[in-house]
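# Breakdown of the fold
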Amino acid sequence: MSIVSGDFFRELSALVGSRIEVNTDSGKSYNGILKGYDRNTLSIVLAEAKDNQGTFYHRIFIRGEKINEIIKAEEPFDIKGLYLEIEKIFPPGEVEFFEDSRIIRVLKKVRVTEEGVEGEGPLADRIRQVYDKYILEQKPE
């Protein structure tokens, strides 16, 4: 059970900062940005949320026992696609992809996540160019 529980909380943690939809047992639904959750009660806090009647909430806290469903409301970032693009410009074995943590590491020096490129210098600048181009190509027209 601990492995499954660990996977559950890893998935829930990955949603922090994402736009989600929450359906409650009272028939209400909320769409907002998941800011955090309580691991013990599964209570959550949403930011910049709207309910299904159009009421806006700067912050709303929803008790875990009231939640029926949590649905990710936006397309996930294709980090594997970015990895494949970065891999094309480096020799085999120089680019690592850690699928569980959604991190790409290049030459054991530069780290790439959905948020951007972490590192300085010419290597990081080159990877940043690939990242920026990839982001532009992924945006819907």
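To keep things clear, this report deals only with the structure shown in the data block.

Calculation notes
- Residues numbered from 1 in each chain as written.
- Predicted model: local features only at pLDDT ≥ 70, side-chain atom pairs only at ≥ 80, totals over all residues.
- Heavy atoms only, no water.
- Helix = DSSP H or I, 4+ residues; strand = E, 2+ residues; numbered from the N terminus.
- Rg over C-alpha atoms; globule rule 2.2 N^0.38 Å.
- Buried < 20%, exposed > 50% of the residue type's maximum accessible area, 1.4 Å probe, protein only.
- Contact = heavy atoms within 4.5 Å.
- Areas by Shrake-Rupley, 256 points an atom, 1.4 Å probe, with all protein chains shown as cover.
- Pairing = 2+ DSSP bridges.
- Axes fitted to C-alpha atoms, helices over the stretch in contact; angles between N-to-C directions.
- Phe/Tyr/Trp six-rings, centres within 6.5 Å; stacked < 30°, edge-to-face > 60°.
- Lys NZ or Arg CZ within 6 Å of the ring centre and 35° of its normal.
- Expected span 1.5 Å × (residues − 1).

## Observations concerning the overall build of the protein
Within the protein, the regular secondary structure consists of three helices and nine strands. Whereas a compact globule of 141 residues would reach a radius of gyration of roughly 14 Å, the protein reaches 19 Å, over 25% beyond that. In terms of overall dimensions, the protein has C-alpha extents of about 55 × 40 × 20 Å along its principal axes. Residues counted as buried form 33% of the 141 residues belonging to the protein. Pairs at least 24 residues apart make up 35% of the contacts formed inside the protein by residues separated by at least 6 positions. Here the protein displays about 9400 Å² of accessible surface, and carbon together with sulfur accounts for 51% of that area.

## Some remarks on the sheet that holds strand 8 (residues 110-113)
Pairing is antiparallel across the open sheet formed by four strands, whose spatial order is 6-7-8-9. Every interior strand has two partners, whereas the edge strands, strand 6 (95-98) and strand 9 (116-118), have only one. Taken over all neighbouring pairs, the strand axes of this sheet differ in orientation by 20 degrees on average, direction set aside. Across four bridges, strand 6 lies against strand 7 (residues 103-106) in antiparallel orientation. Its bridge partner lying in strand 7, Phe 98 is registered against Ile 103. Contacts between helix 2 (residues 79-87) and the sheet are confined to strand 6, strand 7 and strand 8, with strand 6 contributing the most and set at about 170 degrees to the helix. The strands touched by helix 3 (residues 122-138) are strand 7, strand 8 and strand 9; relative to strand 8, the strand with the most contacts, the crossing angle is about 20 degrees.

## Quick notes on the packing of aromatic side chains
If you walk through the whole model with that rule in mind, you get four aromatic pairs. Both rings, one in Phe 9 and one in Tyr 37, keep their centres 6.2 Å apart while their planes meet at 15 degrees; by these two values the pair is stacked. Of this pair, Phe 9 sits in helix 1 (residues 2-15) while Tyr 37 sits in strand 2 (residues 29-37); the two residues are 28 residues apart in sequence, bridging distant segments of the chain. Taking the relative accessible area as the measure of exposure, Tyr 37 reaches 23% and is therefore partly exposed. An aromatic cluster of three or more residues is present, and its members are Phe 8, Phe 9 and Tyr 37. Lying across the ring of Phe 9, Arg 39 places its NZ or CZ 3.9 Å from the centre.

## Here we look at the sheet that holds strand 1 (residues 19-24)
Reading across the sheet, the five strands line up as 4-3-2-1-5 and stay open at both edges, with antiparallel pairing between neighbours. Every other strand in the sheet has two partners, leaving strand 4 (56-62) and strand 5 (67-72) as the edge strands with one partner each. The average undirected angle you get between the axes of adjacent strands in this sheet is 40 degrees.

## Quick notes on helix 3
Taking 1.5 Å as the rise per residue, helix 3 with 17 residues should run 24 Å; its terminal C-alpha atoms sit 25 Å apart, in good agreement. Turning to helix 3, the residues buried within the fold contact helix 2, strand 7, strand 8 and strand 9.

## Observations concerning helix 2
Three or more residues of helix 2 are buried, namely Ile 79, Gly 81, Leu 82, Tyr 83 and Ile 86. Residues of helix 2 that are buried in the fold lie against strand 6, strand 7, strand 8 and helix 3.

## Section: the side chain of Thr 113
Mapped onto the elements of the fold, Thr 113 is located in strand 8. The exposure class of Thr 113 is buried, given its relative accessible area of 9%. If sequence neighbours within four positions are ignored, Thr 113 has contacts with Ile 79, Arg 102, Ile 103, Glu 118 and Tyr 131.

In short, the description is geometric, and any link to function would need to be established separately.
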